[in-house]
Amino acid sequence: MPTYNQQDAISIWDNIATDCTTGLNGQAGRDFCALECLANAPLYAKPDSQKAFLLWEAKNTPAIKIETITGFSTKHPWVHALFITEKVVRFPFNTWDSNPQNSLSWATIDQDLLTDTVTENFRLLPRWSTASRSCLALIPQDATALPKIAANKVDLGQRFKLEEKPGKPSPNVPEWKAKGFNRFVNIVSDAGKAASPTGCNPNELANTKYRLYSVKTGVDYVGSQAEGGFGKNRLEANCSMAMLRSEVIEAMPNTDPSFGVQTEVLTITAPTSMTDKNGKLVRDGFQVRNLSCMKPGAAYIPCQAIPYARNKFDREIQPADQCESWRNNFAISLGRAKARLFLNYGLIHTSANAQNFLLGFNGNTLAQFVARDVGDTSWHDDYLTRYFSESPTRVARFAYLAFQSEAQSTVKHVLHETSSGDYPPPHIVRLATNSVLTHDFGKVLIDNHNWTSALLYNFATGILDGFKAYVQEALNTGDLYPQQAGVLSDEQILAYGTEGKYPTPKPLLTEYKNQVNGLLKQDASALFAKAARVRERAIQAMNNNEETTFGSNEDKISTLLNAEEILLCAGIEKKLGIAPNTTSSFDITQRLDSLTAKGNWPKIVT
């Protein structure tokens, strides 16, 4: 294996931005993987070339925890055959993004679980990177088609931290040196077809069929950014929560072809010699995600790629026209999807990070909205208890029982308690509207496409409008916002937008809960009128570029979006009669029972 040095890393880093631009042009077109990897900030970008998971074996004993969805071995037989046998379990190790000492590997697993021949049975599973630590993987119908590799031939990559460069990147030199090797676009011509149960016959691979999945393991690096210190080097403790939500989502009927959810189908964890910050031994493992909701023939853009590659899906010249296009296609669809997740499954989607969503296009027409990372949700206790606990619909009761089982465990994301530090308890349904503009999403639209702050604000309000419109359509509520806006001072708007921010900064958790409790004492009609007033005042403030009352730029947008969101969401709680000590003459029980049983919800893409 070749060796590299610091100068090689500097040369690689200095050319990553150019390599991304070059890679996105020409041959890549609208390739899903190229957009995942290259349409990103240089610090997080990765080549869309073929890499490998190193498969290694451990004894299949009760110490190994295997979680699957119902019907797993029938629905996903190739995954089952590859990872689970009677005597051994196979684990994937991400050779170029992980350190064997920091994630689950043959070096860190409880050594009693190692087979005597572990290093003699290494195999290479083809993988391609995505924008996150998850990877696209082609799972073979015949596991023996995967090539073996000698232990002394395993390439763990070479990284060099560049202290003098902005962000102190640690580029993976051999990965970028091999950036042209088996690019995904040259191997898989149709991601939707490859993810279907029949799989595909990819170019350049062994003579067997393969099916496309996503596989998540612990990593030390995402792109050139060190992430191990943020806990990315291990599978989250809440991986079982994602499995539970996936089970509920797959059990519920869905007749809307424009809405898809990527669900987790397999999680395997093992005891390790690694410890947490308290010195306690931890488990680690991997998770497999089903991608089959993606449609054959459709072109998909992961939404974090929009600021970098929007011109592959729209031809608008003027920033205002670009904003309107993506407001309609992404923001409104996202709001509608969050409403569907809430009403159908009782889930509050607590992240609007654009990375968590895909848009599927037929030509220039949006055909499908896809949600992923369902672990980034909290159950809505009060909604599930009121409408699902005694529902005559079996799948509704199943969702309620799933929530109940999690509520009684130590690891949970429910309405008033979250065990992980990523998202605080929301206390009411929330949308995290402003989050869609984070992770440089809004900044790049301003820097590269000449959007203004007013356009960013207008774009993000599509999430609020989509959510509101979907609730109105699904439940036949009529217009929630009155024609005459309510009365609200700038000081009140500022308080709602700062103390009512979600995700909530830790220093404001008490103030946030107090704001929620205060709002839930008001009538739904008053809350909706106040939300309408926030929108009215916000448009004025954004168009006039006011920088005193609500702050400037990012702070102003966040404040105004959060103020309207918390009022809208509190109003929904009151309207549906799920706020504490609330009675409502608006009864949706029969309507919900019908929608849940038949799956004939309003379409996400309209």
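Relevant structure appears above.
Attention here is on the structure that accompanies the text. (Residues numbered from 1 in each chain as written. Predicted model: local features only at pLDDT ≥ 70, side-chain atom pairs only at ≥ 80, totals over all residues. Heavy atoms only, no water.)

1. Some remarks on the pattern of salt bridges
Right, on to step 1. Under the definition given, this model contains 24 salt bridges.
Right, on to step 2. As a salt-bridge pair, Arg 159 and Asp 97 come within 2.9 Å of each other at their nearest N and O atoms. Taken together, the residues span a long stretch of sequence, with Arg 159 in the loop between strand 5 (135–140) and helix 5 (173–177) and Asp 97 in the loop between strand 3 (88–94) and strand 4 (123–129) at a distance of 62 residues.
Right, on to step 3. Judged by its relative accessible area of 6%, Asp 97 is buried.
Right, on to step 4. With a shortest N-O distance of 3.8 Å, Lys 412 and Glu 417 are connected by a salt bridge.
Right, on to step 5. Since its relative accessible area comes to 10%, Lys 412 is described here as buried.
Right, on to step 6. A network of salt bridges, in which partner residues are shared, links Arg 327, Asp 465, Arg 535 and Glu 564. (Salt bridge = Lys/Arg side-chain N within 4 Å of Asp/Glu carboxyl O. Helix = DSSP H or I, 4+ residues; strand = E, 2+ residues; numbered from the N terminus. Buried < 20%, exposed > 50% of the residue type's maximum accessible area, 1.4 Å probe, protein only.)

2. Let's talk about the sheet that holds strand 14 (residues 357–362)
Right, on to step 1. The mixed open sheet is built from 4 strands, whose spatial order is 9-15-14-12. Of all strands in the sheet, those bounded by a partner on one side alone are strand 9 (259–261) and strand 12 (299–302). Neighbour to neighbour, the strand axes of the sheet diverge by 25° on average, direction disregarded.
Right, on to step 2. In this structure, strand 9 lies alongside strand 15 (residues 365–371), joined through 3 bridges in parallel fashion. Counted as the bridge partner of Gly 260 is Val 370 from strand 15. (Pairing = 2+ DSSP bridges. Axes fitted to C-alpha atoms, helices over the stretch in contact; angles between N-to-C directions.)

3. Overview of the packing of aromatic side chains
Right, on to step 1. What the rule picks out here adds up to 21 aromatic pairs.
Right, on to step 2. Ring plane angle 75° and centroid distance 6.2 Å describe the contact between Trp 56 and Trp 106, whose orientation is recorded as edge-to-face. Highlighted residues: Trp 56 in strand 1 (residues 51–59) and Trp 106 in the loop between strand 3 and strand 4, separated in sequence by 50 residues. Trp 106 matches Trp 56 in its accessibility class, with the two residues each being buried.
Right, on to step 3. Seen in terms of ring centroids, Phe 441 and Phe 459 are 5.8 Å apart; in terms of plane orientation they differ by 20°. Their pairing is stacked. Within this pair, whereas Phe 441 is found in helix 13 (residues 441–449), its partner Phe 459 is found in helix 14 (residues 453–475), the two being separated by 18 residues in sequence. For the pair shown, Phe 441 and Phe 459 are each scored as buried.
Right, on to step 4. Aromatic rings pair up to connect Trp 56, Phe 83, Phe 91, Phe 93, Trp 106, Phe 122 and Phe 286 into one cluster.
Right, on to step 5. One cation-aromatic arrangement involves Arg 127 over Phe 53; the distance from NZ or CZ to the ring centre is 5.6 Å. (Phe/Tyr/Trp six-rings, centres within 6.5 Å; stacked < 30°, edge-to-face > 60°. Lys NZ or Arg CZ within 6 Å of the ring centre and 35° of its normal.)

4. Quick notes on the pairing of strand 15
Right, on to step 1. Burial analysis of strand 15 places 6 of its 7 residues in the buried class, the great majority of the element.
Right, on to step 2. Two elements, strand 14 and strand 15, share 6 bridges in a ladder whose sense is antiparallel. Note on strand 15: the bridge partner recorded for Gly 360 is Gln 368.

5. Topic: the environment of Val 414
Right, on to step 1. Positionally, Val 414 belongs in strand 17 (residues 413–414).
Right, on to step 2. According to the relative accessible area criterion, Val 414 is buried, its value standing at 5%.
Right, on to step 3. In sequence terms Val 414 and Pro 426 are 12 residues apart; their C-alpha atoms lie 8.5 Å from each other.
Right, on to step 4. With residues up to four places along the chain from it excluded, the contact list for Val 414 reads Ser 378, Trp 379, Asp 381, Phe 403, Ala 407 and Pro 426. (Contact = heavy atoms within 4.5 Å.)

Keep in mind these numbers describe shape, not what the thing actually does.
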